[in-house]
Amino acid sequence: MGMLCAVSFNRYGRLYYLDPGEFSPQVGDRVLVPTDDGPEVAECVWAAQWVSDDTSGFPKVAGIADENDLRRDELLRKRKAEAKVAAKKLIKAHELPMKVVAVDHVLDQTGGSSARTTIYFTAPHRVDFRSLVRDLGATLHCRVELRQLSARDSARVQGGIGSCGRDLCCATFLTDFEPVTIRMAKDQDLPLNPLRISGACGRLMCCLKYEHPLYQKFQASAPAVGSRVTTPEGDGRVVAHSVPRDAVVVRMDADGSRCSCSRASVCGPRQAHEERYS
């Protein structure tokens with residue numbers, strides 16, 4: 001058990017959970033987050049509070065941002081904006097099939113030439129950007145790196161709203177991309193329409209993967225569609241499954257009406273148990 005707070009580097013961006021340590025950040029406070037390139041400023045969006053989980057593995061807040069930290073953060077954002085504009089102009093000038101997705105910049109902390117700009121882009125195929133890197137370095141006066149992102153990584157970086165109406169899983173809590181297959185969509189009785197089962201990245205939705213075990217467990221114990229069952233309302237035939245409700249839809253023999261029954265009330269083991277002890 002320990003305390004955790006949540007911060008975000010961008011408004012409506014991905015949340016990062018930190019151990020507040022000796023600090024007590026409130027919602028809206030700017031805090032320092034330790035990174036590989038030094039502490040960076042982020043906004044607290046969830047005040048520190050006690051949680052039941054083990055917090056020993058979470059990074060700790062490096063401190064509350066002061067005026068110098070805020071000025072450095074403002075300069076960092078300015079450099080990122082300048083780099084993004086310059087990259088788009090030079091990509092157009094070089095006539096390269098590239099799209100800038102995000103820009104990262106590391107300020108010169110030593111007074112030397114340690115400033116570095118990393119530009120993330122997407123492209124339909126591999127691109128020879130050597131001349132582009134040279135022109136970007138001359139324009140931005142720093143070391144420039146270009147990194148090509150996959151479709152899923154691009155969606156994670158840019159963020160967005162999924163078909164469910166919520167923020168993209170990859171941009172919020174999903175940390176690893178696991179393989180998703182069309183078999184999972186079939187098992188969940190979804191229409192095999194790419195527009196219905198694809199996410200913002202154009203690939204199969206990640207939620208098909210972590211919802212799939214629920215459907216497998218349901219189908220292992222529920223009566224198959226077309227089988228005859230006995231329900232509390234009478235005998236009938238299963239015509240559909242309702243996995244989220246843990247129920248089956250049965251068409252009654254008596255009048256042809258349909259009713260929704262819980263899986264437990266029509267499964268074989270439950271009925272055998274009731275017959276034995278009734």
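Reading the values: the criteria
- Residues numbered from 1 in each chain as written.
- Predicted model: local features only at pLDDT ≥ 70, side-chain atom pairs only at ≥ 80, totals over all residues.
- Heavy atoms only, no water.
- Pairing = 2+ DSSP bridges.
- Helix = DSSP H or I, 4+ residues; strand = E, 2+ residues; numbered from the N terminus.
- Phe/Tyr/Trp six-rings, centres within 6.5 Å; stacked < 30°, edge-to-face > 60°.
- Disulfide = S-S within 2.5 Å.
- Buried < 20%, exposed > 50% of the residue type's maximum accessible area, 1.4 Å probe, protein only.
- Expected span 1.5 Å × (residues − 1).
- Contact = heavy atoms within 4.5 Å.
- Polar contact = N/O pair within 3.5 Å; in protein donor to acceptor, adjacent residues only side chain to side chain.

An unreviewed UniProt entry lists the protein chain under the name PSP1 C-terminal domain-containing protein, with Paractinoplanes deccanensis given as the organism.

A. Examining the sheet that holds strand S2 (residues 16-18) more closely. A sheet is described by the order of its strands in space; here five strands give the open sequence S2-S1-S4-S3-S5, paired in antiparallel fashion. Edge strands, defined here as strands with exactly one partner in the open sheet, are S2 and strand S5 (63-64). Here two bridges tie strand S3 (residues 30-33) to S5, and the two strands are oriented antiparallel to one another. When the sheet's bridge partners are listed, Val31 is paired in S5 with Ile64.

B. Representation of the packing of aromatic side chains. Applying the stated criterion across every chain, the model contains three aromatic pairs. Look at Tyr17 and Trp46: their rings are 5.7 Å apart centre to centre, the planes differ by 85°, and that puts the pair in the edge-to-face class. In this pair, Tyr17 sits in strand S2 while Trp46 sits in strand S4 (residues 40-51), placing the two residues 29 residues apart along the sequence. Here the aromatic rings of Phe121 and Phe129 are separated by 5.7 Å at their centres, their planes lie at 80°, and the arrangement is edge-to-face.

C. Representation of the state of the cysteines within the structure. Scanning the model with the defined rule gives zero disulfides in all. Among the cysteines around Cys44, which has no disulfide bond, Cys5 carries the closest sulfur, lying 5.0 Å off. For the unlinked cysteine Cys206, the closest cysteine sulfur is that of Cys170, found at 6.2 Å. The buried category is assigned to Cys206, whose relative accessible area is 16%.

D. Structural detail: helix H1 (residues 67-94). Helix length check: H1 (28 residues) gives 41 Å between terminal C-alpha atoms against 40 Å at 1.5 Å per residue, within 8%. Taken residue by residue, H1 has Asp69, Asp73, Leu76, Ala83, Ala86, Ala87, Leu90 and Ile91 as its buried positions. Buried residues along H1 sit in contact with S3, S4, S5, strand S6 (99-106), strand S7 (116-122) and helix H2 (130-140). If you check the start of H1, you find a side-chain oxygen 3.2 Å away from the backbone N of Asn68, and it comes from Asp66.

E. Just the pairing of strand S12 (residues 258-262), in detail. By the alternation rule, side chains of S12 split into Cys259 and Cys261, which are all buried, and Arg258, Ser260 and Ser262, of which none is buried. The antiparallel hairpin formed by strand S11 (residues 247-252) and S12 contains five residues in its connecting segment, where Gly256 sits at a positive phi of about 80°.

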